[in-house]
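Structural features, examined
Chain by chain, the residues:
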Amino acid sequence: MTYAITQTCCNDATCVAVCPVNCIHPTPEERAFGSTEMLHIDPRACIDCGACADACPVDAIFPVDSLSAGQREYADINAAYYEGGEPLPVGDEVDGPNFHVWGEPAFERSLPSDFGPLRVAVVGTGPAGMYAAQDLLLHTAAEVTLIDRLPVAGGLVRYGVAPDHPATKKVGDTFARFHSHPRVRMHLGIEVGRDVTAEELSAHHDAVIYAVGASTDKRLGVPGEELPGCLSATAFVAWYNAHPEAVAQGVDLSAERVVVVGNGNVALDVARILVADPEALAATDIAAHALDALRASRVREVVVLGRRGPEDAAYTRSELLALKHVPGVELVVDDHDPRTPAAIDAAGAGDRAAVLKGLARVRTAAAAPTDGGRRIVLRFHSEVVEIRGEGDGVHSVRVTDGGGDGDGGGTVDLRAGLLLRAIGYRGLPVPGLPFDEASGTVPHDGGRVAGLPGGYVVGWIKRGPSGGIGANRTCAAETVGTLLADAVAGELPAPKGDAKAFRRLARQRNRRVVDARGLAAIDRAERDRGRRDGRPRVKLATVEELVATARSGRLLRLTR
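Presented here is a report on the structure given in the accompanying data block. (Residues numbered from 1 in each chain as written. Predicted model: local features only at pLDDT ≥ 70, side-chain atom pairs only at ≥ 80, totals over all residues. Heavy atoms only, no water.)

Glancing now at the packing of helix 9 (residues 233-240) against helix 10 (residues 265-275). With their axes 10 Å apart at the nearest point, helix 9 and helix 10 run at an angle of 50° to one another. Comparing their axes, helix 10 and helix 9 come out oblique. Along this stretch, helix 9 crosses helix 10, giving a crossing that reads as left-handed. Residues A233, F236, V237 and Y240 of helix 9 form the contact with helix 10, whose own contacting residues are V266, D269, V270, I273 and L274. Residues that form the contact of helix 9 with helix 10 fall into these classes: eight nonpolar, no polar and one charged. (Axes fitted to C-alpha atoms, helices over the stretch in contact; angles between N-to-C directions. Helix = DSSP H or I, 4+ residues; strand = E, 2+ residues; numbered from the N terminus. Parallel < 35°, antiparallel > 145°, perpendicular 65-115°, else oblique. Left-handed = near helix turned anticlockwise from the far one by under 90°. Contact = heavy atoms within 4.5 Å. Nonpolar A, V, L, I, M, F, W, Y, C, P; charged D, E, K, R; others polar.)

Below, the structure is given as structure tokens:
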């Protein structure tokens, strides 16, 4: 029996490090690493030890024999990755179970024996920031100050992962063990530029790593985009994940059709949540207000628009496969443009478009179906021309309806009451740091901020909004490596204040700062609320609730 990596693979390569026979590829040392949608286990070389499954932070690895009906395709996907490779050694050539060549050992970091502890601030507690903190804590004697503008940690894991992907959220448990690390000090609810400046952070730390992500979205630039009912997928995801800044934004789900613009994983996430069975979502950590709205929702069809064809879609093959297995939801393809069925029919077995073979092909009508069924329509080669409506919201979306003959074709108005744009994220400037407006990133060299000694970046603010959770591990390793090289070379400016001085400064600027004990109180309270409702947790959804819970839990512990 062999193991297979499945849909929730995070690509952080923890499994690669523990495999005793080097049968998981691509490895971080290989050129293909980061360019494949997931990692793959070679079924010819796997020895069924289960080390990879034990180490996987997102529960993505299972024995092939135990795969569910919706996961069985992943056994073939893993095996197909190795087809056409070198033949297996035979006879006297076999001296063990390892059929893959090991590279020469490399020791990329060599710190002097008298290298003293650094004091490093990490701004942002999402995956990028926590991978950087983890690297520092595991491989150096550094003291780490964790800072986040929200009064709770988690970032993208807490507020960006879809609630029906609980396995992906488990990577948060890996990061959470560092929240109470003896060399960690936590200051949640502190915003750089509002409560403290970049200069003040630098004055109290040897180095500062900014992991602030890409928090805004790109615009369509079409008439009607300012109408109520035209939202970014960023805002919608925040709404159903109980982000404190999104609670006040109600989402109108009274129309039978929603149009989602974009062809990435986020577009598929929001489409799936819109038509998923609310009672299935009730077993997740979805926001209570979102669950109530989805239970009352009239949405029956979601049309996902892609500007390019199915062969060029940005979503991963694994996410598209998962979309085919949503209970009670039909996945169909709009064949209004002849290029779409042609690309699907011509797709090879390993091509992304091949996943669409066998799906029903339809022509999207102006009005949504009223037969009571729920479906997701993938409409390729289609762009939004105009969003139509009145002051009360969106009424219809005018989209291109070309025939693939190069003349642009005509247009069609799709009746819809909500449009969600999922066409990409964009970083925002950090006060005190340089910023490239064109790319929405901070200029850097290997993570080192240009013109700011002791300043570093990691994650999407460093490389742009590309790559999933696991990509941040390699990104953080590069940044931390650059930081340590600068420290060894004596190029870090000496801090003027110590950790206690920074703690006093932070609390003077913001009396509602949440520390590790307060965060633990929030976690306990949310899990307790979840147990009462039969859910993993019920999130506190406002800054006031989070801060009050952190304070009450902390005071309770102090009085015991």
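Attention now moves to the packing of aromatic side chains. Inspection of every chain in the model, using the stated rule, returns five aromatic pairs. Geometrically, the ring pair formed by Y81 and Y82 is edge-to-face, given 5.1 Å between the ring centres and 85° between the ring planes. A residue is classified by how much of its surface remains accessible, and Y82, at 10% relative accessible area, is buried. Joined through ring pairs, the aromatic side chains of F236, W239 and Y240 make up one cluster. (Phe/Tyr/Trp six-rings, centres within 6.5 Å; stacked < 30°, edge-to-face > 60°. Buried < 20%, exposed > 50% of the residue type's maximum accessible area, 1.4 Å probe, protein only.)

On to the sheet that holds strand 13 (residues 329-334), then. Two strands in a sheet stick together by hydrogen bonds in their backbones, pointing the same way (parallel) or opposite ways (antiparallel). Across the sheet, which stays open at both edges, the seven strands sit in the order 10-19-11-12-15-13-14 with parallel pairing between neighbours. The open sheet has two edge strands with one neighbour each: strand 10 (230-232) and strand 14 (361-362). Bridge analysis of strand 12 (residues 301-305) against strand 15 (residues 374-379) gives five bridges, and the strand direction is parallel. What sits directly across from L305, in strand 15, is R379. Lying over the sheet, helix 9 contacts strand 10 and strand 19 (418-421), oriented at roughly 75° with respect to strand 10. Packing against the sheet, helix 10 makes contact with strand 11 (257-261), strand 12, strand 13, strand 15 and strand 19, and its axis sits at approximately 155° to strand 15. (Pairing = 2+ DSSP bridges.)

On to the sheet that holds strand 16 (residues 384-390). Taken in spatial order, the three strands line up as 16-17-18 in an open sheet, and their pairing is antiparallel. Edge positions in the sheet fall to strand 16 and strand 18 (410-415), since each has one partner strand and no second. For this sheet the average axis-to-axis angle between neighbouring strands, irrespective of direction, equals 25°. Here six bridges tie strand 17 (residues 393-401) to strand 18, and the two strands are oriented antiparallel to one another. Paired with V397 across the strands is L414, a residue of strand 18.

We now examine the nonpolar core. Within soluble globular proteins, side chains that are nonpolar generally end up buried alongside one another. Counting 119 residues, the largest nonpolar core has I24, I209 and Y240 as its most contacted members. In this structure I24 touches I5, C15, V16, C19, L39, H40, I41, C52 and Y82, once residues within four positions along its chain are discounted. By size, the runner-up hydrophobic cluster in this structure holds 22 residues, among which are V123, A198, V208 and V449. (Core = buried A, V, L, I, M, F, W, Y, C linked by side-chain atoms within 4.5 Å.)

Next up on the list: the environment of K496. Its location among the elements puts K496 in the loop between helix 16 (471-488) and helix 17 (499-509). Taking the C-alpha atoms as reference points, K496 and D206, separated by 290 residues in sequence, lie 9.3 Å from one another.

With that out of the way, let us pick up the layout of surface pockets. Within this model, the second largest pocket holds a volume of roughly 1,500 Å³. Along the walls of the second largest pocket sit 42 residues, with A17, P28, E29, E108 and R473 positioned nearest its centre. Those elements giving two or more residues to the lining of the second largest pocket turn out to be helix 1 (14-18), helix 4 (127-139), helix 7 (171-176) and helix 16. Among the elements that take part in the lining of the second largest pocket, helix 16 stands out by supplying eight residues, more than any other. Of the residues belonging to the lining of the second largest pocket, the class tally is 21 nonpolar, eleven polar and ten charged. (1 Å grid on protein atoms, 1.4 Å probe; cavity = no way out; pocket = protein on both sides within 12 Å on 5 of 7 lines; lining within 4 Å. Points joined across faces, edges and corners; volume = space filled by probe spheres on them.)

A word on the pattern of salt bridges. Following the criterion strictly, the structure yields 38 salt bridges and no others. One salt bridge in this structure joins D59 and K170, with 2.6 Å as the shortest N-O distance. Pair noted here: D59 is in the loop between helix 2 (51-55) and strand 4 (61-63) and K170 is in the loop between helix 6 (166-169) and helix 7, with a separation of 111 residues, a long-range link. Judged by relative accessible area, which is 31%, D59 ranks as partly exposed. (Salt bridge = Lys/Arg side-chain N within 4 Å of Asp/Glu carboxyl O.)

With that out of the way, let us pick up the packing of helix 4 against helix 16. Direction vectors running N to C along helix 4 and helix 16 enclose 50°, while the axes themselves pass 8 Å from each other. In terms of orientation, helix 4 and helix 16 fall into the oblique class. In this structure, the crossing between helix 4 and helix 16 has a hand that is right-handed. Two secondary-structure elements touch here, helix 4 through P127, A128, Y131, A132, D135 and L136 and helix 16 through N472, R473, A476, A477 and V480. Of the residues assigned to the contact of helix 4 with helix 16, the class counts are eight nonpolar, one polar and two charged.

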